[in-house]
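The lines below spell out each chain.
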Amino acid sequence: MSTIKTVCVYCGSGPGTNPNFIEAAKALGRALAESKIRLVYGGGSLGLMGAVATSVLDHGGTVTGIIPDFLRMRENALTRVQEMVVTPDMHERKRLMFERSDAFVALPGGLGTLEELVEQLTWQQLGRHAKPVLLANIDNFWEPLFSLVAHMRQTQFIRAGLSVDILKADKVEEIVPRLRAAAAQIPDDQRDLAPDVARRL
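These notes cover the structure that comes with them. (Residues numbered from 1 in each chain as written. Predicted model: local features only at pLDDT ≥ 70, side-chain atom pairs only at ≥ 80, totals over all residues. Heavy atoms only, no water.)

**Observations regarding the layout of surface pockets**
If you add up the space inside the largest pocket, you get close to 230 Å³. Taken together, 18 residues line the largest pocket, and the ones lying closest to its centre are Cys11, Glu75, Arg93, Gly112 and Glu116. Mapped by element, the contributors of at least two residues to the lining of the largest pocket are strand E1 (6-10), helix H3 (90-99) and helix H4 (111-125). The dominant element in the lining of the largest pocket, judged by the number of residues it contributes, is H4, at 4 residues. A class-by-class count of the residues in the lining of the largest pocket yields 9 nonpolar, 6 polar and 3 charged. (1 Å grid on protein atoms, 1.4 Å probe; cavity = no way out; pocket = protein on both sides within 12 Å on 5 of 7 lines; lining within 4 Å. Points joined across faces, edges and corners; volume = space filled by probe spheres on them. Helix = DSSP H or I, 4+ residues; strand = E, 2+ residues; numbered from the N terminus. Nonpolar A, V, L, I, M, F, W, Y, C, P; charged D, E, K, R; others polar.)

Below, the structure is given as structure tokens:
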């Protein structure tokens with residue numbers, strides 16, 4: 001059965017208006033480090049991105065940043081990470097983030113966070129991978145998305161046989177246990193998307 005060795009975290013490059021968002025990012029970073037789980041993330045040092053990565057490092061964990069060349073200055077690439085991968089574009093960034101991760105967590109964020117999250121949910125829905133995808137619903141941030149997904153089901157745009165398996169955690173301390181429990185149910189041969197398939201998506 002699959003185990004969680006690396007987690008990709010999608011989140012905002014800004015702090016948001018709620019200080020609990022930054023605190024949650026820091027707490028998640030600590031939880032990943034203490035669980036010996038490598039963080040894969042977008043490579044920046046600002047906002048929630050910087051908070052989660054810095055916290056992993058401060059607590060003795062390991063971090064892989066993956067950032068497109070055009071964002072290195074704008075998002076202040078975090079130089080402390082053990083590994084920084086610079087890609088030519090966003091598509092390559094997302095592909096590598098997928099290939100290097102065993103699970104995905106979305107903290108609060110903006111359109112970029114939403115786009116990356118929805119892509120993973122879509123690939124999962126189409127049977128291209130079975131890696132766990134979890135929304136960190138800090139102070140109910142993701143409730144509008146849960147409502148939208150429910151509306152899509154009600155209006156039959158998400159039909160039987162096209163289920164979306166979204167994990168949810170309202171508290172940071174729930175995240176790692178829920179990811180591990182979900183991963184334990186996945187046969188190894190269903191976990192990975194073949195690299196040639198990933199490049200075509």
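**Points about the pattern of salt bridges**
Evaluation of the coordinates by the stated rule reveals 12 salt bridges. In this structure, the salt-bridge partner of aspartate 69 is arginine 72, at a minimum N-O distance of 2.6 Å. Notably, a salt bridge pairs lysine 94 with glutamate 115, separated by 2.4 Å at the nearest N-O pair. Separated by 21 residues along the polypeptide, lysine 94 in helix H3 and glutamate 115 in helix H4 bring together distant segments of the chain. Residue classification places lysine 94 among the buried residues on the basis of a relative accessible area of 8%. Each of the salt bridges in this network shares a partner with another, and the network as a whole consists of Glu92, Arg95 and Glu99. (Salt bridge = Lys/Arg side-chain N within 4 Å of Asp/Glu carboxyl O. Buried < 20%, exposed > 50% of the residue type's maximum accessible area, 1.4 Å probe, protein only.)

**Focus on the packing of H3 against H4**
For the pair H3 and H4, interaxial distance at closest approach is 12 Å and the crossing angle is 55°. On the basis of their axis angle, the class for H3 and H4 is oblique. The hand of the H3/H4 crossing is right-handed. Residue-level inspection shows Arg93, Lys94, Met97 and Phe98 of H3 in contact with H4, the latter providing Glu115, Glu116, Glu119, Gln120 and Trp123. The residue makeup of the contact of H3 with H4, split by class, is 3 nonpolar, 1 polar and 5 charged. (Axes fitted to C-alpha atoms, helices over the stretch in contact; angles between N-to-C directions. Parallel < 35°, antiparallel > 145°, perpendicular 65-115°, else oblique. Left-handed = near helix turned anticlockwise from the far one by under 90°. Contact = heavy atoms within 4.5 Å.)

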